[in-house]
Amino acid sequence: MTTTDHAQHSDPTLYRTPADAVAASPEKLAYVVGFDPTAQRADALFTVGTDPESPAYGRVTSQAELPGVGDELHHFGWNACSSALAHAGHHHAARRYLIVPGLRSSRLHVFDTSPDPARPRLVKVVEPEELAAKAGYSRPHTLHCGPDGVFLSCLGGADGADGPGGVALLDHETFDVLRAWESDRGPQRFAYDLWWHLRQNIAMTSEWGSPSMFENGLVPELLLDRQYGHSLHFWELDSGRHLQRVDLGDENQMVLELRPAHDPEATWGFASTVVNVEDLSASVWLWNREGEDFVVRKVITIPAEPAQTEDLPPALRPFGAVPPFITDIDLSVDDQWLYISAWGTGDLLQYDVSDPFRPTQTASVRLGGVVGPQPHPAEPDVPLTGGAQMIELSRDGRRVYLTNSLYSAWDAQLYPAGIDPWMVKLDADTTHGGLSTDSRFFPHGPDFLGLRVHQTRLQGGDASSDSYCYRR
């Protein structure tokens, strides 16, 4: 990897440092994917206004439907971000295209946000046969732009086989599938998230499970038998060579989201686990490099909440409690604040992580939830369905966006009465800590054409889309 001159890049949203990203103009648009859980209607990419001075604030202003059905849009990302400042030969990279995978269909959809960012246009579809033939993978899940190409984490093997899952590389400009990234995968078999410490040439991956373990819902027998993923993997980024596996203990099932420090000199970050099968708690873990190896330690535990059996969905009645189910986390660009979504209870939790080894909870807001679902202040008499799930955080850390669906088959188990889509914005106090729900921002239900909404991306970048090349 070689470093190119920032002056050669014309896109002002490729930020040299985290501080530059924080100081840049706020987002005016959000992009949100929606899917039909019945696979009878086309999924869509929605645009939502986020400028509080605009009449479009908090409204869905456009939608771009896909040509097929059954995609189940999930996680998506940009073709270029601030890591482009370290890409050899990519002097003209621009944050222009959104690459949107279908987790069930294994198709990749490329949307162009130029010339009208408020109306993205579908310009290319990469079929699953290309992903299978060139990289040996299926079930694309998470992507980040990085050195050598766009890195696409995939949960299944070729043609939907159970694995191993891994990472495919895509061309930055044509979006063609190039190859599998791994040169030596060592013991890694399950995949989920992917991130890196760019300056240290280290990548990290996490583990969910193979397609047969998640596509039709959470499999209780596999969970209780501790068969889902429970390890972190560390890699050499440029070569794809496996370096180290750290087992978090097989009781900590499903190691999902990875959020490395944005400081390019740092070698620490946070990972979350969904459920501990011994006590139904969920947890957040800190990794940190000590010498040549990485050490991982639990720094946050969120306990299950007892509940009356009759108030629980059938899947939870044998346990007599609501597991928090941590399904997403997000770290502010200044590395000071960590946000955790507990999809089971409906809580969004804010932690001060200025000392990442000793996080301190500073605020929480409950929206929806399995038991005693809480409403939005715009409709205080209508309890929200689903729960706080996907988080996206503005670059300046002051705005937190939430949606409420996880995955259709899992939605049906935890929220069997159904999930009406909603998107919520919270205002965050970035000085002392604190959260408040914005009563003006509440697109929901028919605003999203009844499609369930999942991940959000913000115009100009957000807290979980970019890695940075410079400290100052």
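Residues numbered from 1 in each chain as written. Predicted model: local features only at pLDDT ≥ 70, side-chain atom pairs only at ≥ 80, totals over all residues. Heavy atoms only, no water.

Undergrad: In this structure, what is going on with the overall build of the protein chain? I would like to understand it.
TA: The helix and strand inventory of the protein chain stands at five helices and 32 strands. For 472 residues, the compact-globule formula gives about 23 Å, and the C-alpha radius of gyration of the protein chain, at 20 Å, lands near that figure. For the C-alpha atoms alone, the extent of the protein chain along its principal axes is close to 60 × 50 × 45 Å. Residues classed as buried in the protein chain amount to 63% of the 472 residues present. A sequence separation of at least 24 residues applies to 59% of the contacts in the protein chain between residues at least 6 apart. On the protein chain, roughly 16,400 Å² of surface is accessible, and the fraction owed to carbon and sulfur atoms is 47%. A distance of 3 Å separates the average location of the 36 positive side-chain charges in the protein chain from that of its 64 negative side-chain charges. (Helix = DSSP H or I, 4+ residues; strand = E, 2+ residues; numbered from the N terminus. Rg over C-alpha atoms; globule rule 2.2 N^0.38 Å. Buried < 20%, exposed > 50% of the residue type's maximum accessible area, 1.4 Å probe, protein only. Contact = heavy atoms within 4.5 Å. Areas by Shrake-Rupley, 256 points an atom, 1.4 Å probe, with all protein chains shown as cover. Lys, Arg positive; Asp, Glu negative; His and termini not counted. Charge placed at Lys NZ, Arg CZ, Asp CG, Glu CD.)

Undergrad: Before we go on, may I ask you to explain unusual backbone geometry in this structure?
TA: Most of the time, phi is negative for any residue but glycine, and the peptide bond is trans. In the segment running from S114 into P115, the intervening peptide bond is cis, with an omega of 10 degrees. You can see P115 is positioned in the loop between β6 (108-112) and β7 (121-126). Across the junction of G163 and P164, the peptide omega takes the value 5 degrees, indicating a cis bond. As for its position among the elements, P164 is in the loop between β9 (149-157) and β10 (166-170). Look at R139: it is not a glycine, yet its phi comes out positive at around 55 degrees. Secondary-structure assignment places R139 in strand β8 (residues 137-146). Overall, R139 belongs to the buried group, its relative accessible area being 14%. Even without being a glycine, F325 presents a positive backbone phi close to 50 degrees. In this structure, F325 sits in the loop between β21 (321-322) and β22 (326-331).

Undergrad: Got a minute to help me understand the pattern of salt bridges in this structure?
TA: Note on pairing: side chains with opposite charge can pair once their charged atoms come close. Tallying each qualifying case throughout the model produces 31 salt bridges. Measuring nitrogen to oxygen at the nearest pair gives 3.1 Å for the salt bridge that ties R297 to E290. We classify R297 as partly exposed; its relative accessible area is 28%. Its relative accessible area of 39% is what places E290 among the partly exposed residues. (Salt bridge = Lys/Arg side-chain N within 4 Å of Asp/Glu carboxyl O.)

Undergrad: What is the right way to look at the packing of aromatic side chains in this model?
TA: Any two aromatic rings considered together are summarised by their centre-to-centre distance and by the angle between their planes. All told, the structure shown has 18 aromatic pairs when counted by the stated rule. Where Y31 meets W78, the ring centres are 6.0 Å apart and the plane angle is 80 degrees; that geometry is what we call edge-to-face. Highlighted residues: Y31 in strand β1 (residues 29-35) and W78 in strand β4 (residues 77-78), separated in sequence by 47 residues. Judged by its relative accessible area of 5%, W78 falls in the buried class. Pairing W208 with Y407 gives two aromatic rings, centres 6.2 Å apart and planes at 80 degrees, and the pair type is edge-to-face. Note that W208 is positioned in the loop between β13 (202-205) and α3 (211-214) and Y407 in the loop between β29 (399-403) and α5 (408-414), a separation of 199 residues in sequence. (Phe/Tyr/Trp six-rings, centres within 6.5 Å; stacked < 30°, edge-to-face > 60°.)

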